[in-house]
Amino acid sequence: MGASGSGKTTLLNVLTGRNLRNLRIGGKVYLNNEVASIGKLKACSAYVQQDDHFIGSLTVREHLRFQAVLRTNSKREHITKRVSKLLDELGLAKAADTRIGYPGISKSISGGEMKRLAFASEIITDPAILFCDEPTSGLDSSKAQSVVGVLKSLAQLGRTIVCTIHQPPSQVSEMFDNLLLLAEGRVAFLGTISESLKFFSNINLICPSNYNPSDFFIAQIAIVPGKESECRDRINNICDKFAKSNYLKNIRPPPKEERSVSEDSSEIFIHKSNLPSAEYKRSRCVQFYHLTHRAMITNIREPLITSVRFAQTIFIALLLGSVYWKQEMNQEGIMNINGALFILIGNVTYVNVISVINTFCNELPIFVREHNNGLYSVGSYFFAKMAAEVPYFIILPTVFSSITYYMIGLNPSTKSFVNLTLLLILVANVSSGFGYFISCISKNITMALTLAPSCLIVLMLFGGLFINNASVPYYLRWIKYLSWFYYGNEILVVNQWDEIVNITCELDKMLEESGIHPYDPIGTFIDCNTTSIADLYLSAQIPSCINKGDYVIQRLSFDKNNTSRNFAICSAILVVIRIMAYLALYFRAKRLR
């Protein structure tokens, strides 16, 4: 116990070998009177962290089964019995088939039940030592007493429970067997609760009657703003007197003959590089199967992932179909259809990027915790996440194209419809990989949602609609080769206008009525510098016409022979960007160990 910043959580992190980045720790940790490595401690202990992170769409029983399957090598029957026993022991039987939920967002189990579920998740492997960081955080006195009561019952079963706690109620503090007071990283006291009161009274710090001892201790070892010097002098005085007291001398010293992890050094230094590599209880295939199953359950039950995305897809498809309803093959239709094709790509991109960022960022804390607990590897999680969402990246683009294609009145060829649908499916998968990458390199969801649109705007700019590719400065042209908007737009424009030879042109009719042919035999524009044609253009106030699909493709500086190449490049972008996302997730997990 100690004031905020006294080093409680840091001490637990050192003992468990977690979150030690940017720290160099020196000292020895004893386990059964022997100097222990972090690997040995992890093998016989579990760590319940302060924040409760769960997949809210799972039920309590499903969550515990998932934890049990990946934490142990037990058979299914044993896992079922173990989960049922834990539910009974921790008072979760009534909530066993209730969804965990998300506090503040959707209906969820109570705070006390979430804490007990966190304990159940860690003790499912029956560890000898259980470390708990602030187990009563955010709970009222009644729920706090209930949670600590659960810990007390676990301790009575033979486990060692080590907790950090911040100013517990008096009835809660009395339930603990031993107390370690920390102040500014130093030991202010170590012993029983009754001995702590005697020690403080011996140094003329007497706890008033009918006063919560925990509040009294914190008041003596806390740093009060504006009185920092005075408080530090008092803390140093308390810690110095305890170091010279009989309470410290009575603590059993370590044995004289020590078996050290490193015989070349009398001091153990813990670095991230010295931490043990994760040893998984289950194979990668088993991890992938259960992670995919969990992700699919989450997708089906989570309305933001399923029903809202389907509703959004259908609504936008109907809206675009209504706005671009039955475009005619005339000069106005060329601009409208090209704009509609680009919007199809843009909509599929934005919808999938944003949806992936939202769901992936929310799950990252859960992934980091479970990965650090040795449940599964980075690859198993990443590929399971992709596999579970592939149906959405196929079904939703297909629904979207099926609605908009014939409402807009695009090329009636079946081949053209199939090509457009395949392209939108490919774009959906590329953009989702981009969303994974952005979410993995971002510190939080706010940063991800800020970064993604900025990157997409740049990629869209070089897509071939807002600026003709032939007029892009040479030193910026390389950007278009990174843009799936460019390749996708070229595919759809060629797919739409190739073999179209009957685009209506009012100017052509006027010229033909005047006996003038605006196109030469090979299909290119003739030199129109004669006075009679110039006068005709000015009087009609009509721009030069495009009466063939090939001219539409040429005007945008596209090549109709690039379709196969563009599909191949988009597929390559899909692979590369997914690899980048995986590497970003891998190094992020490694950094947060």
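Residues numbered from 1 in each chain as written. Predicted model: local features only at pLDDT ≥ 70, side-chain atom pairs only at ≥ 80, totals over all residues. Heavy atoms only, no water.

*Asks:* Can you lay out the overall build of the chain for me, pointing to particular residues and giving the numbers?
*Replies:* Each helix and strand counted, the chain has 22 helices and 9 strands in total. By residue count, 49% of the 593 residues in the chain fall in the buried class. Expressed as a percentage of contacts within the chain between residues at least 6 apart in sequence, the contacts between residues at least 24 apart total 76%. Within the structure as shown, the chain displays about 29,400 Å² of accessible surface, and the carbon and sulfur contribution to it stands at 57%. (Helix = DSSP H or I, 4+ residues; strand = E, 2+ residues; numbered from the N terminus. Buried < 20%, exposed > 50% of the residue type's maximum accessible area, 1.4 Å probe, protein only. Contact = heavy atoms within 4.5 Å. Areas by Shrake-Rupley, 256 points an atom, 1.4 Å probe, with all protein chains shown as cover.)

*Asks:* Account for the environment of Glu62, naming residues and giving values.
*Replies:* Following the sequence through the fold, Glu62 ends up in helix α3 (residues 60-71). Given a relative accessible area of 25%, Glu62 falls into the partly exposed group. A C-alpha to C-alpha distance of 9.8 Å links Glu62 and Ile100, two positions 38 residues apart in sequence.

*Asks:* Lay out the environment of Gly379 with the relevant residues and their values.
*Replies:* Of note, Gly379 is situated in helix α15 (residues 378-408). Residue classification places Gly379 among the buried positions, given a relative accessible area of 15%. Sequence separation between Gly379 and Leu583 is 204 residues, and the spatial gap between their C-alpha atoms is 9.5 Å.

*Asks:* Can you explain the packing of helix α16 (residues 414-441) against helix α18 (residues 484-497)? Please cite residues and give values.
*Replies:* Between α16 and α18, the least distance of the axes is 10 Å, while the angle of their chain directions is 175 degrees. As far as their axial angle goes, α18 and α16 are roughly antiparallel. Note on element contacts: α18 touches α16 through Trp484, Gly488, Ile491, Leu492 and Asn495, opposite Lys415, Ser416, Asn419, Leu420, Leu423, Val427, Val430, Ser431 and Phe434. Split by residue class, the contact of α16 with α18 holds 8 nonpolar, 5 polar and 1 charged. (Axes fitted to C-alpha atoms, helices over the stretch in contact; angles between N-to-C directions. Parallel < 35°, antiparallel > 145°, perpendicular 65-115°, else oblique. Nonpolar A, V, L, I, M, F, W, Y, C, P; charged D, E, K, R; others polar.)

*Asks:* Break down the pattern of salt bridges for me, citing the residues and quoting the values.
*Replies:* Taken as a whole and assessed by the stated rule, the structure comprises 13 salt bridges. Of the charged contacts in the structure, one is a salt bridge between Lys115 and Asp52, with a shortest N-O distance of 3.8 Å. Of this pair, Lys115 sits in helix α5 (residues 111-123) while Asp52 sits in the loop between β4 (45-48) and α3; the two residues are 63 residues apart in sequence, bridging distant segments of the chain. A relative accessible area of 3% places Lys115 in the buried class. Among the salt bridges present, the one from Lys560 reaches Asp498, with a minimum N-O distance of 3.7 Å. (Salt bridge = Lys/Arg side-chain N within 4 Å of Asp/Glu carboxyl O.)

*Asks:* Account for the packing of helix α14 (residues 331-372) against helix α17 (residues 445-461), with residues named and values stated.
*Replies:* Where α14 contacts α17, the axes come no closer than 10 Å and their chain directions differ by 160 degrees. By the angle class used here, α14 and α17 are roughly antiparallel. As for how α14 packs across α17, the hand of that crossing is right-handed. Counted together, Phe342, Thr349, Tyr350, Val353, Ile354, Ile357, Asn358, Cys361 and Asn362 of α14 and Ile445, Ala448, Leu449, Ala452, Pro453, Leu456, Ile457 and Met460 of α17 form the full contact between these two elements. Residue composition of the contact of α14 with α17, grouped by class: 14 nonpolar, 3 polar and no charged. (Left-handed = near helix turned anticlockwise from the far one by under 90°.)

*Asks:* Describe the pairing of strand β7 (residues 179-183), naming the residues involved and giving the relevant values.
*Replies:* Of all the 5 residues making up β7, 4 are buried; the element is thus mostly covered by neighbouring parts of the structure. Pairing geometry for β7 and strand β8 (residues 186-191), over 5 bridges, is antiparallel. Bridged to Leu181 within β8 is Phe189. The antiparallel pairing of β7 with β8 creates a hairpin that spans 2 residues between the two strands, and Glu184 there sits at a positive phi of about 55 degrees. (Pairing = 2+ DSSP bridges.)

*Asks:* Can you break down a nonpolar patch on the surface residue by residue, with the values?
*Replies:* Taken together, Val575, Ile579, Leu583, Tyr586 and Phe587 make up a surface patch of nonpolar side chains, about 460 Å² in accessible area. Summarising the element assignment, Phe587 is placed in helix α22 (residues 563-591). Owing to a relative accessible area of 48%, Phe587 belongs among the partly exposed residues under this scheme. (Patch = residues over 30% accessible without salt bridge, like charges linked within 9 Å, V, L, I, M, F, W, Y side chains within 5 Å.)

*Asks:* Hey, could you go over unusual backbone geometry for me, with residue numbers and the actual values?
*Replies:* Trans peptide bonds make up most of the peptide bonds, and negative phi angles are found at most residues other than glycine. Phi is positive for Asp126, which is not a glycine, with a value near 55 degrees. Looking at the element boundaries, Asp126 is found in the loop between α5 and β5 (129-133). Residue Asn210 is not a glycine yet carries a positive backbone phi of 60 degrees. Locating Asn210 in the fold gives a position in the loop between α8 (193-202) and α9 (213-221).

*Asks:* So what's going on with the confidence of the model for the chain? Which residues, and what values?
*Replies:* Taken as a whole, the chain shows an average pLDDT of 82; of its residues, 88% reach a score of 70 or greater. Averaged pLDDT values for the elements of the chain fall to 39 in strand β9 (residues 268-270) and rise to 93 in α16. pLDDT under 50 marks residues 258-277. Its contacts with residues more than four places away, or in other chains, come to 44 contacts. In this model, residues 519-543 is a region of pLDDT below 50 whose contacts with residues beyond four sequence positions or in other chains number 31 contacts. (pLDDT = per-residue confidence, 0-100.)

*Asks:* Please provide a residue-by-residue account of α18, values included.
*Replies:* Between the first and last C-alpha of α18 there are 20 Å, a value that for 14 residues agrees with the 20 Å anticipated at 1.5 Å per step. Most of α18 sits out of view: 14 of its 14 residues are buried. For α18, the side-chain oxygen to backbone nitrogen distance between the N-cap and Phe485 is 3.1 Å, and the N-cap itself is Ser483. Once α18 finishes, Glu499 follows within two positions and takes phi at roughly 70 degrees, a positive value. (Expected span 1.5 Å × (residues − 1). Polar contact = N/O pair within 3.5 Å; in protein donor to acceptor, adjacent residues only side chain to side chain.)

*Asks:* Provide a residue-level description of the packing of aromatic side chains, including the pertinent values.
*Replies:* Following the criterion strictly, the structure yields 28 aromatic pairs and no others. When the ring of Phe382 is compared with that of Tyr582, the centres are 5.9 Å apart and the planes differ by 65 degrees; the resulting orientation is edge-to-face. Here Phe382, found in helix α15, pairs with Tyr582, found in helix α22; they are 200 residues apart in sequence, far enough to count as distant. A relative accessible area of 1% means that Phe382 is categorised as buried. Sitting over the ring of Phe66, Arg294 keeps its end group 4.2 Å from the ring centre. The ring of Trp325 has Lys326 lying over it, and the distance from NZ or CZ to the ring centre is 5.6 Å. (Phe/Tyr/Trp six-rings, centres within 6.5 Å; stacked < 30°, edge-to-face > 60°. Lys NZ or Arg CZ within 6 Å of the ring centre and 35° of its normal.)

*Asks:* Give me the lowdown on the nonpolar core, citing residues and values where you can.
*Replies:* In terms of nonpolar packing, the biggest core is built from 141 residues, with Leu130, Leu181, Phe200, Phe367, Trp484, Trp497 and Leu585 touching the most fellow members. Among the elements that make up this core, the one with the highest residue count is α14 (16 residues). The contact partners of Leu181, leaving out residues within four places of it in the chain, are Met1, Arg186, Val187, Ala188, Phe189, Phe200, Phe217 and Ile221. (Core = buried A, V, L, I, M, F, W, Y, C linked by side-chain atoms within 4.5 Å.)

*Asks:* How would you sum up the side chain of Ser483? Please name residues and give values.
*Replies:* Along the polypeptide, Ser483 turns up in the loop between α17 and α18. Since its relative accessible area comes to 0%, Ser483 is described here as buried. Engagement of the side chain of Ser483 in a polar contact is seen with the backbone oxygen of Leu459, the distance being 2.7 Å.

*Asks:* Give me the lowdown on the sheet that holds strand β6 (residues 160-164), citing residues and values where you can.
*Replies:* One open sheet accounts for 3 strands, arranged β4-β5-β6; its pairing is parallel. With partners counted over all chains shown, the strands left at the sheet margins are β4 and β6, one partner each. Adjacent strand axes in the sheet meet at a mean angle of 15 degrees, parallel and antiparallel pairs treated alike. The pairing of β5 with β6 spans 5 bridges and is parallel.

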